[in-house]
Every structure is written in C-alpha cells, then in structure tokens.
Amino acid sequence: MFGPLVGMTVGICADVIGCIIVGYAINPLVTLGAASIGLISGSIYFYMFKDNPKLKLIAAVGLAHIIGSMIIKSIGLYIYFSYSVNINENSSLYSNWHR
C-alpha cells in the first residue's frame, strides 16, 4: 500500500518509541531488525504477487518476520547480551543440568 520506505520508517519509529516508553536502551541491531521487517514486508507487498492478494499478504508477513525477528533481532540480542558463562561444579547452571 505505502511501500518499503514507509514500512522501514514505521519499524524504526515503533522500536525507538517502544524502547523509550519501556525504558530499555536502544539496540541498533534490534532496531535494524524492526526496520527490515517493514522494508521486506513493504517490498514484497508492493512489488511481488500482484495477481494473488492472499499469497502476497502471507509472503510479506511471513518472510519479513522470519528474516527480521527470527534472524536479525536474534543475532542482535545475542551480541547485545552475550557474555561468557562459567560452568563449574559450584554454579547453579551445573547443578540444574546434572540432577
């Protein structure tokens, strides 16, 4: 309807406003994931499957969320929260895994 640039802009604004309201730090990689959801869904909906509206909607929503949420946001959260985990016999992780 509006296209990929409007979708990307809405994704960025939604992520930034959500972070500000909740009080989270803005993670650029997670924001990139939100932007890619809008960009990909807008691109697919605007340019592909013009003769089949149901397939157009399913492809736009499905692919956008697979790439944006499941791949890009997951990588961003992994990078943002990654730290080394020390697992030894005294840690709670070790005792929970070996019961």
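Note that this is a predicted model, so its numbers are computed, not measured. (Residues numbered from 1 in each chain as written. Predicted model: local features only at pLDDT ≥ 70, side-chain atom pairs only at ≥ 80, totals over all residues. Heavy atoms only, no water.)

Chemist: Can you help me understand the overall build of the chain in this one?
Modeler: What the chain contains, in helices and strands, is four helices and zero strands. Reading the helices (α) and strands (β) of the chain from amino to carboxyl end gives α-α-α-α. Counting over 99 residues, the chain shows a buried share of 25%. A separation threshold of at least 6 residues defines the contact pool for the chain, and within that pool the share at least 24 residues apart is 57%. As displayed, the chain offers around 7,300 Å² of accessible surface, 70% of which is attributable to carbon and sulfur atoms. (Helix = DSSP H or I, 4+ residues; strand = E, 2+ residues; numbered from the N terminus. Buried < 20%, exposed > 50% of the residue type's maximum accessible area, 1.4 Å probe, protein only. Contact = heavy atoms within 4.5 Å. Areas by Shrake-Rupley, 256 points an atom, 1.4 Å probe, with all protein chains shown as cover.)

Chemist: Help me understand the packing of helix H2 (residues 28-47) against helix H3 (residues 53-81), please; the structure alone is not making it clear to me.
Modeler: Closest axis-to-axis distance for the H2/H3 pair is 8 Å, and the angle between their directions is 165 degrees. Considering the angle they form, H2 stands roughly antiparallel to H3. For the element pair H2 and H3, the recorded crossing hand is right-handed. Looking at side-chain class alone, the contact of H2 with H3 contains 17 nonpolar, seven polar and two charged residues. (Axes fitted to C-alpha atoms, helices over the stretch in contact; angles between N-to-C directions. Parallel < 35°, antiparallel > 145°, perpendicular 65-115°, else oblique. Left-handed = near helix turned anticlockwise from the far one by under 90°. Nonpolar A, V, L, I, M, F, W, Y, C, P; charged D, E, K, R; others polar.)

Chemist: Sorry, what's going on with the side chain of Ser36 here?
Modeler: Following the sequence through the fold, Ser36 ends up in helix H2. In contact with Ser36, other than residues within four places in its own chain, are Ser41, Gly68 and Ile72.

Chemist: What is the right way to look at the nonpolar core in this model?
Modeler: In globular proteins that are soluble, nonpolar side chains generally tend to be buried together. Counting six residues, the largest nonpolar core consists of Ile37, Ile40, Ile44, Ala59, Ala60 and Ala64. At the level of secondary structure, the elements contributing two or more residues to this core comprise H2 and H3. For Ala59, the residues in contact, after removing those within four places along its chain, are Ile44, Phe49 and Ala64. (Core = buried A, V, L, I, M, F, W, Y, C linked by side-chain atoms within 4.5 Å.)

Chemist: Hey, could you run me through unusual backbone geometry in this one?
Modeler: Residues other than glycine predominantly adopt negative phi, and peptide bonds predominantly adopt the trans conformation. Positive phi is not limited to glycine here, since Phe49 has a value of about 50 degrees. You can see Phe49 is positioned in the loop between H2 and H3.

Chemist: What's the story with a nonpolar patch on the surface in this structure? I'm lost.
Modeler: On the surface, Leu29, Leu32, Leu63, Ile66, Ile67, Met70, Ile71, Ile75, Tyr78 and Ile79 cluster together into a nonpolar patch covering about 950 Å² of accessible area. Mapped onto the nonpolar patch, the elements with two or more residues apiece are H2 and H3. The greatest single-element share of the nonpolar patch, amounting to eight residues, is contributed by H3. Relative to the helices and strands, Leu32 is located in helix H2. Its relative accessible area of 47% is what places Leu32 among the partly exposed residues. (Patch = residues over 30% accessible without salt bridge, like charges linked within 9 Å, V, L, I, M, F, W, Y side chains within 5 Å. Salt bridge = Lys/Arg side-chain N within 4 Å of Asp/Glu carboxyl O.)

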